[in-house]
Amino acid sequence: MIIQNKRIIASILFVLISFVCAAQALPPPGPPPPIGLPIDGGVLMGLVAGIFYGAKKLWFSKSKL
């Protein structure tokens, strides 16, 4: 078999395999999340850390004056 024929056959197989891969169906999407999810505790901890950081900045800025 000459090289030109091998290239043609390889190209045809590549195209056919591409069609088979594209024809696969996607799985159905999952159910939506429940309404009214609670806020995670990480938000509260971030708020507390921010308050402590702000208080520290105020404390040290007043002591330098």
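This text follows the structure it describes.
Everything quoted here is computed from the prediction, not taken from an experiment.

**As for the overall build of the protein**
Each helix and strand counted, the protein has two helices and zero strands in total. Burial status across the protein gives 0% buried among its 65 residues. In the form shown here, the protein has an accessible surface area of approximately 6600 Å², with 76% of it arising from carbon and sulfur atoms.

**Regarding a nonpolar patch on the surface**
Where nonpolar side chains cluster on the molecular surface, the patch consists of Ile8, Ile9, Ile12, Leu13, Phe14, Val15, Leu16, Ile17 and Phe19 and spans about 900 Å² of accessible area. Inspection of the secondary structure puts Ile9 in helix H1 (residues 3-22). Take Ile9: its relative accessible area is 40%, and that puts it in the partly exposed class.

The rules behind each value
Residues numbered from 1 in each chain as written. Predicted model: local features only at pLDDT ≥ 70, side-chain atom pairs only at ≥ 80, totals over all residues. Heavy atoms only, no water. Helix = DSSP H or I, 4+ residues; strand = E, 2+ residues; numbered from the N terminus. Buried < 20%, exposed > 50% of the residue type's maximum accessible area, 1.4 Å probe, protein only. Areas by Shrake-Rupley, 256 points an atom, 1.4 Å probe, with all protein chains shown as cover. Patch = residues over 30% accessible without salt bridge, like charges linked within 9 Å, V, L, I, M, F, W, Y side chains within 5 Å. Salt bridge = Lys/Arg side-chain N within 4 Å of Asp/Glu carboxyl O.

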